[in-house]
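# Results of the structural survey
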Amino acid sequence: MSQTKPIEISKEEVEEAYKRVKANKGSAGIDHQSLQDFEADKQNNLYKLWNRLSSGSYMPPPVMRVEIPKGDGGMRRLGIPTITDRIAQMVIKQRIEPELEKHFHPDSYGYRPNKSALDAIDITRQRCWCQWPIKLSQFRPLILSHFSREIVNC
């Protein structure tokens, strides 16, 4: 057996994932390690992550739960992963996203790269030949924030 690691992940893939996570910025997770803290020992941190990912022994740490206010006065719970876990997630995302994208319908807009709910509305407006008014206030607040109670002839 010439292979030393059961999962082939290159150190370059981990480095590229780190660059993307760094560009996205973000908060420290449950370990309170910021991006600046991670960078202080970057090479060692990336090596340890690569080693665990490629050996199959990586176990994600718990996420830090925070609450942020919602527009309606309620609170939304968010889970903030550690910097290391964000990098690990990005390695996997970079690996599987190109393959998975091939299987999605071109008109699928939910949680897709370079697509949004507003793109879905735009394409619906282009394709719809009906004269029925649609009150967009019936849709989720994401759409409302852009098209506040607008009535549209599709």
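The structure under discussion appears in the preceding block.
Computed from a prediction, not measured in an experiment: that's the story for all the values here. (Residues numbered from 1 in each chain as written. Predicted model: local features only at pLDDT ≥ 70, side-chain atom pairs only at ≥ 80, totals over all residues. Heavy atoms only, no water.)

Bringing the pairing of strand E2 (residues 75-80) into the picture now. With six bridges joining them, strand E1 (residues 64-69) and E2 adopt antiparallel strand pairing. Within the sheet, the bridge partner assigned to Arg 65 lies in E2 and is Gly 79. The turn joining E1 and E2, which pair antiparallel and follow one another in sequence, is formed by five residues; a positive phi near 95° is taken by Gly 73. (Pairing = 2+ DSSP bridges. Helix = DSSP H or I, 4+ residues; strand = E, 2+ residues; numbered from the N terminus.)

On to the packing of helix H3 (residues 42-55) against helix H4 (residues 83-101), then. As a packed pair, H3 and H4 sit with axes 11 Å apart at the nearest point and diverge in direction by 50°. Taken together, the axes of H3 and H4 lie oblique to each other. Here H3 runs over H4; the crossing is right-handed. Contacts between H3 and H4 involve Leu 46, Leu 49 and Leu 53 from the former and Thr 84, Ile 87, Ala 88 and Val 91 from the latter. Partitioned by chemical class, the residues of the contact of H3 with H4 number six nonpolar, one polar and no charged. (Axes fitted to C-alpha atoms, helices over the stretch in contact; angles between N-to-C directions. Parallel < 35°, antiparallel > 145°, perpendicular 65-115°, else oblique. Left-handed = near helix turned anticlockwise from the far one by under 90°. Contact = heavy atoms within 4.5 Å. Nonpolar A, V, L, I, M, F, W, Y, C, P; charged D, E, K, R; others polar.)

Let us look at the layout of surface pockets. Looking at the second largest pocket, its volume works out to about 160 Å³. Considering the residues around the second largest pocket, the lining is formed by Val 21, Asn 24, Arg 86, Gln 89, Met 90, Lys 93, Glu 97, Tyr 111, Arg 112 and Pro 113. Residue assignment for the lining of the second largest pocket shows that the elements contributing at least two residues are helix H1 (11-24) and H4. A total of five residues in the lining of the second largest pocket trace back to one element, the largest contributor, which is H4. Tallied by class, residues from the lining of the second largest pocket come to four nonpolar, two polar and four charged. (1 Å grid on protein atoms, 1.4 Å probe; cavity = no way out; pocket = protein on both sides within 12 Å on 5 of 7 lines; lining within 4 Å. Points joined across faces, edges and corners; volume = space filled by probe spheres on them.)

The way to describe two aromatic rings as a pair is by their centre distance and the angle between their planes. With the rule as written, the count across this model stands at two aromatic pairs. Ring plane angle 25° and centroid distance 5.7 Å describe the contact between Tyr 18 and Phe 38, whose orientation is recorded as stacked. Here Phe 38 lies in helix H2 (residues 35-40) and Tyr 18 lies in helix H1, a separation of 20 residues in the sequence. Judged on exposure class, the residue Tyr 18 and its partner Phe 38 are both buried. When the ring of Tyr 47 is compared with that of Trp 50, the centres are 5.5 Å apart and the planes differ by 45°; the resulting orientation is tilted. Of the two residues, Tyr 47 and Trp 50 are both situated in helix H3; the distance of three residues between them amounts to about one turn of the helix. Using a relative accessible area of 42% as the deciding quantity, one classes Tyr 47 as partly exposed. Classification of Trp 50 as buried rests on a relative accessible area of 13%. Looking at Lys 5, its charged tip hangs above the ring of Trp 50, at a distance of 5.2 Å from the centre. For the cation-ring pair, Lys 11 lies above Trp 50, with the distance from its terminal atom to the ring centre recorded as 4.7 Å. (Phe/Tyr/Trp six-rings, centres within 6.5 Å; stacked < 30°, edge-to-face > 60°. Buried < 20%, exposed > 50% of the residue type's maximum accessible area, 1.4 Å probe, protein only. Lys NZ or Arg CZ within 6 Å of the ring centre and 35° of its normal.)

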